[in-house]
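Results of the structural survey
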Amino acid sequence: MYFIFSAIFTFFLSPLNWSVILLLVALFTGRPRLKRRLTRAALIVLVLFSNTWLLNLYAGLWNVPPAALDKNKVYSADIVLGGFTNEDKNGQGVLNGHADRFVQGLKLKRSGQVSHIFISGGNARPRGDHFTESTWVKEQLEKMGIPDTAILIEDRSRNTVENAAFTKQVLEKSRLQPPYVLVTSAFHMRRARYIFQKAGIDVLPYPCDYIAGKTHIGLTDYFVPNIATMDTWTYYLKELFGMVAAYFR
């Protein structure tokens, strides 16, 4: 049920879908004045949300700066939030476009900045299969030479609220001392940090996977529409509404 609701919610947060819906209504309406207004509204949405400069301006304000980690200190754990793998048709895991979460989490461990790596992520798919993201990632870490004793996982969470709740339970049993380094995508960090802190977990932000806000802006990005930009807006709009929901939860 959660997966279905999330998919529907995401569909209606897409600016591209807004434009399509407005144009479809305009096409089938028999009122000329309404048709013009709907068409104008669809074009405005397309122009605004396909502008790469505007997206980067907003993302720069939304993204959370990384914490200044003490180079002379070894933190007890980095908490790497799931969402960077998918399950293939054979029930095996594959890294997806957000794999920088995995890379940066592993980098912190390999560099000696943290003593443990914590993977938080279950399976939010509607069918009841046995694949869980954190379990698969743990297997990959062990193949890379990370000892079992340095890996912690929770494999039940389906969203960020559950990430925090189940992670807290494991951390309390592990007796690893805070603060912990929180690793997730830059667009997701503001909401994730808020939810973890609200759950009583002391975390230091370590954003990665920058999809906007740090990219180079060329001359054409100021005025040439980019459909890919509209898709990126969906991530940020979802986080904005998710932040409001987390505040009132």
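Attention here is on the structure that accompanies the text. (Residues numbered from 1 in each chain as written. Predicted model: local features only at pLDDT ≥ 70, side-chain atom pairs only at ≥ 80, totals over all residues. Heavy atoms only, no water.)

Quick word on the pattern of salt bridges
How we decide: Put simply, a salt bridge is a Lys or Arg side-chain nitrogen that is within 4 Å of an Asp or Glu carboxyl oxygen. For the purposes of this entry, the term helix denotes a DSSP run of H or I that reaches at least four residues, the term strand denotes a run of E that reaches at least two, and both are numbered from the N terminus. Throughout this description, buried means an accessible area under 20% of the type-specific maximum (1.4 Å probe, protein chains only), exposed means over 50%, and partly exposed covers the range between.
According to the stated counting rule, one finds four salt bridges in the structure shown. The closest approach of N and O atoms between Glu142 and Lys138, which form a salt bridge, is 2.7 Å. One end of the pair, Glu142, and the other, Lys138, are both in helix α6 (residues 133-143), four residues apart, so they sit about a helical turn from each other. For Glu239, the salt bridge goes to Arg191, with nearest N and O atoms at 2.8 Å. Here Glu239, found in helix α9 (residues 227-248), pairs with Arg191, found in helix α8 (residues 186-198); they are 48 residues apart in sequence, far enough to count as distant. On the basis of relative accessibility, which here comes to 4%, the residue Glu239 falls in the buried class. A cluster of three or more residues bridged by salt bridges with shared partners is formed by Lys138, Glu142 and Asp148.

Quick word on the packing of aromatic side chains
Selection rule: For Phe, Tyr and Trp, where Trp contributes only its six-membered ring, two rings pair if their centres lie within 6.5 Å, and the inter-plane angle classes them as stacked under 30 degrees, edge-to-face over 60, or tilted in between. In our convention, an over-ring charge means Lys NZ or Arg CZ found within 6 Å of a ring centre and within 35 degrees of that ring's normal.
In the structure shown here, the tally under the stated rule is eleven aromatic pairs. Judged by centre distance (5.1 Å) and plane angle (90°), the rings of Phe11 and Phe12 are edge-to-face. Members of the aromatic cluster, joined through ring pairs, are Trp18, Phe49, Tyr58, Trp62, Phe187, Trp233, Tyr235 and Tyr236. When the ring centre of Phe166 is taken as reference, the NZ or CZ atom of Arg156 above it lies at 4.0 Å.

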